[in-house]
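Architecture at a glance
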Amino acid sequence: MNQSIPFLDLATPHQELKEELTEVFTKSLDIGGFVGGPMVEQFEREFAAFCDAERCVGVSNGTDALRFAFIAAGIKPGDTVVTVPNTFIATTEAISQAGARPDFVDIDERTYNMDPEKLREYLETQCCLDDGALKNRKTGLRVAAVVPVHLYGQMADMDPILELAERYKLIVIEDACQAHGAQYFSKKENRWRKAGSMGVAAAFSFYPGKNLGACGEGGAVTTNDVEIDRKIRTLRDHGQSKKYYHDVEGYNGRLDAIQAGILSVKLKRLTRWNEARCEAASRYRQLFGIIDRGVVLPEASANTLPVYHLFVVRVHERDKLMKHLAAATIGTAIHYPIPLHLQQAYRHLGLRNGSYPISEKVALEILSLPMFPSLKPDEQKKVYIEIAAFVAAE
Ligand SMILES: *Cc1c(COP(=O)(O)O)cnc(C)c1O
């Protein structure tokens, strides 16, 4: 039991698929196709089908996927876009890159996702209707969109968020960058819905560490909207509708053919890998069920099927526990240590400590344990034994 346990094992799945992945590379060399082309188109069809969406546009990364989705959905410079403070900065970077101003509502302490009640409160108390447009009272800016983030692989509570969005005419863009394959039971529709199929558009990242990862950078937008699909195809390719005919200024935001081919190979395994993550999560629950006290496990809401991009627990002496586990050669991480409104980069928003108490509180307590499809029961037992020993000694 002296083996070290990584936070994430990116070597094993690629070793297992080495031949198939190498074939993709060889094929690309043979046809001399490297950016866009039939391999990208094929992956786009496959990933749209996987997400129960009608369309998918491959792009260069998840941050561009968000930015292009915002621009194509009609978010304009000067607009305000509401999201949560407990997410990766890419969510708000993309809002700013689209020319908009990020604003926040706090999260639900049980799921770490957007709290629809906090969104309602924000819309009712901090916004007002002015000339038919919803505006933030303080800044006077139009509140145009809401971005629920399906954090850690669990979908946000979409029914009430969509209902509020409809009432206030807000655009909903899902940040599904951690939630490939996650599901949500919509009571309103009485059926399960997939991440990437509920908003006007949704952004995915294929950064290597995500549940579906490229061997490099990659991203995609899913949507059912023909116009949004068309606009993003133009935006990702320098705003051109035809070679050297530029309708607008765009970006260099395309998906590589080699990455698309690799993603097609890996997409075939995604369901099995997600199942393996869920099994690992159940094993953690069984193990920690015994100590319980001192360790808060992630809540598995009955109306979601998470895909455990991360397995995040909460403990009081988080930093000390992290050091203890590091000394036992167990890798952990914090997602995320500083809520976005308190980051240097957002000083100009003027949001003080105390603005989002739940996000601020959990940021001090959350710890992401080792989680990946090939994580073994005896490795998890070692993680549990070390944490149990630490908690008992505290
Ligand atoms: C990874 C991630 C992104 C950004 O994706 P990149 O491909 O790294 O640009 C955006 N939002 C969330 C929640 C993420 O986890």
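Values in this document were obtained by computation on a predicted structure and should not be read as measured data. (Residues numbered from 1 in each chain as written. Predicted model: local features only at pLDDT ≥ 70, side-chain atom pairs only at ≥ 80, totals over all residues. Heavy atoms only, no water.)

With that settled, consider helix α12 (residues 377-393). For α12, which comprises 17 residues, the first-to-last C-alpha distance of 24 Å matches the rise-based estimate of 24 Å (1.5 Å per residue) to within 8%. For α12, the full list of buried residues reads E379, Q380, K382, V383, Y384, I387, A388 and F390. (Helix = DSSP H or I, 4+ residues; strand = E, 2+ residues; numbered from the N terminus. Expected span 1.5 Å × (residues − 1). Buried < 20%, exposed > 50% of the residue type's maximum accessible area, 1.4 Å probe, protein only.)

At a minimum axis separation of 8 Å, helix α4 (residues 62-72) and helix α5 (residues 90-97) run at an interaxial angle of 40°. What the angle tells us is that α4 and α5 run oblique. Between α4 and α5 the crossing geometry is right-handed. The segment α4 lies against α5, with T63, L66, R67 and F70 engaging A90, T91, E93, A94, I95 and Q97. A breakdown of the residues in the contact of α4 with α5 according to their chemical character gives five nonpolar, three polar and two charged. (Axes fitted to C-alpha atoms, helices over the stretch in contact; angles between N-to-C directions. Parallel < 35°, antiparallel > 145°, perpendicular 65-115°, else oblique. Left-handed = near helix turned anticlockwise from the far one by under 90°. Contact = heavy atoms within 4.5 Å. Nonpolar A, V, L, I, M, F, W, Y, C, P; charged D, E, K, R; others polar.)

Counting 83 residues, the largest nonpolar core has F43, F47, L119, L123, F206 and L369 as its most contacted members. Ranked by the residues each element gives to this core, the list is headed by helix α9 (residues 257-291), at nine residues. Per-domain counts for this core show at least three residues from each of domain 1 (11-265) and domain 2 (270-393). In contact with F43, other than residues within four places in its own chain, are F206, L212, L255, A260, L263, S264 and L267. One finds A73, V81, V147 and I232 within the second-largest nonpolar core, a separate group that totals 25 residues. (Core = buried A, V, L, I, M, F, W, Y, C linked by side-chain atoms within 4.5 Å. Domains from an automatic or database assignment.)

In the neighbourhood of the ligand, 13 residues make up the surrounding shell, with G62, T63, Q178, S205 and K210 lying closest. T63 places a polar side-chain atom, nitrogen or oxygen, 2.5 Å from an oxygen atom of the ligand. Within the side chain of K210, one N or O atom sits 2.8 Å away from an oxygen atom of the ligand. Within the complex, 92% of the 380 Å² of free accessible area of the ligand lies under protein. Elements represented by at least two residues in the shell around the ligand include exactly α4 and α5. Residue classes in the shell around the ligand are distributed as four nonpolar, seven polar and two charged. (Near = heavy atom within 4 Å. Polar contact = N/O pair within 3.5 Å; in protein donor to acceptor, adjacent residues only side chain to side chain. Areas by Shrake-Rupley, 256 points an atom, 1.4 Å probe, with all protein chains shown as cover.)

The subject of this paragraph is the domain arrangement of the protein chain. Think of interface size as the accessible area that goes away when the parts come together; that is how it is often given. Structurally, the protein chain comprises domain 1 (11-265) and domain 2 (270-393). The distance between the C-alpha centroids of domain 1 and domain 2 comes to 24 Å. Contacts between the two partners involve 45 residues from domain 1 and, on the opposite side, 36 residues from domain 2. Of the roughly 3500 Å² buried between domain 1 and domain 2, counting both surfaces, carbon and sulfur atoms make up 58%. Together, Y112, Y152 and N211 form the three largest contributors to the area buried by domain 1 at its contact with domain 2, with a combined 20%. Connecting domain 1 to domain 2 are two salt bridges. The closest approach of N and O atoms between R314 and E109, which form a salt bridge, is 2.7 Å. If you list the elements that add at least two residues to the side of domain 1 that touches domain 2, you get α1 (11-16), α5, β3 (101-104) and β8 (183-186). By residue number, the principal contributor to the side of domain 1 that touches domain 2 is β3, which donates four residues. (Buried area = accessible area lost by both parts, 1.4 Å probe. Salt bridge = Lys/Arg side-chain N within 4 Å of Asp/Glu carboxyl O.)

This part is about the pattern of salt bridges. Scanning the entire structure with this criterion turns up 20 salt bridges. With its nearest N and O atoms 3.2 Å apart, the salt bridge here joins R233 to E44. Within this pair, whereas R233 is found in helix α8 (residues 226-235), its partner E44 is found in helix α3 (residues 38-50), the two being separated by 189 residues in sequence. R233 sits in the partly exposed class, given a relative accessible area of 28%. On the basis of relative accessible area, E44 is assigned to the buried category, the value being 5%. With a closest N to O distance of 2.8 Å, D64 and R67 form a salt bridge. Taken together, the residues D64 and R67, both in helix α4 and three residues apart, mark about one turn of the helix.

Turning to α3, a few remarks are in order. Spanning 13 residues, α3 covers 18 Å between terminal C-alpha atoms, matching the ideal 18 Å at 1.5 Å per step. Within the span of α3, buried status applies to M39, V40, F43, E44, F47, A48 and F50. Seen from one end, α3 has its buried residues packed into an arc of 160°, which puts them on one side. More than 90 degrees from the buried face of α3, the exposed residues found are P38, R45 and A49. (Arc of directions from axis to C-beta.)

Within the open sheet, the three strands sit side by side as β9-β8-β14. Their pairing is antiparallel. Of all strands in the sheet, those with a lone pairing partner are β9 (191-194) and β14 (304-305), marking the two edges. (Pairing = 2+ DSSP bridges.)

Looking at the secondary structure, you find T139 in the loop between β5 (133-136) and β6 (143-146). When the C-alpha positions of T139 and V296 are compared, they lie 38 Å apart, and in sequence the two are 157 residues distant. In terms of polar contacts, T139 uses its side chain to reach the backbone amide nitrogen of L141, at 3.2 Å.

The next point concerns a nonpolar patch on the surface. Taken together, the side chains of F25, L29, F34 and V35 define a hydrophobic patch exposed on the protein surface, amounting to about 370 Å² of accessible area. Here F34 is to be found in the loop between α2 (18-31) and α3. (Patch = residues over 30% accessible without salt bridge, like charges linked within 9 Å, V, L, I, M, F, W, Y side chains within 5 Å.)

On to unusual backbone geometry, then. In this model, H335 is joined to Y336 through a cis peptide bond whose omega is 15°. Inspection of the secondary structure assignment puts Y336 in the loop between α10 (318-327) and α11 (357-363). Here the phi dihedral of N190 falls at roughly 55°; this positive angle occurs in a residue that is not glycine. Looking at where N190 falls in the secondary structure, it is placed in the loop between β8 and β9. Although it is not a glycine, Y308 adopts a positive phi angle of roughly 45°.

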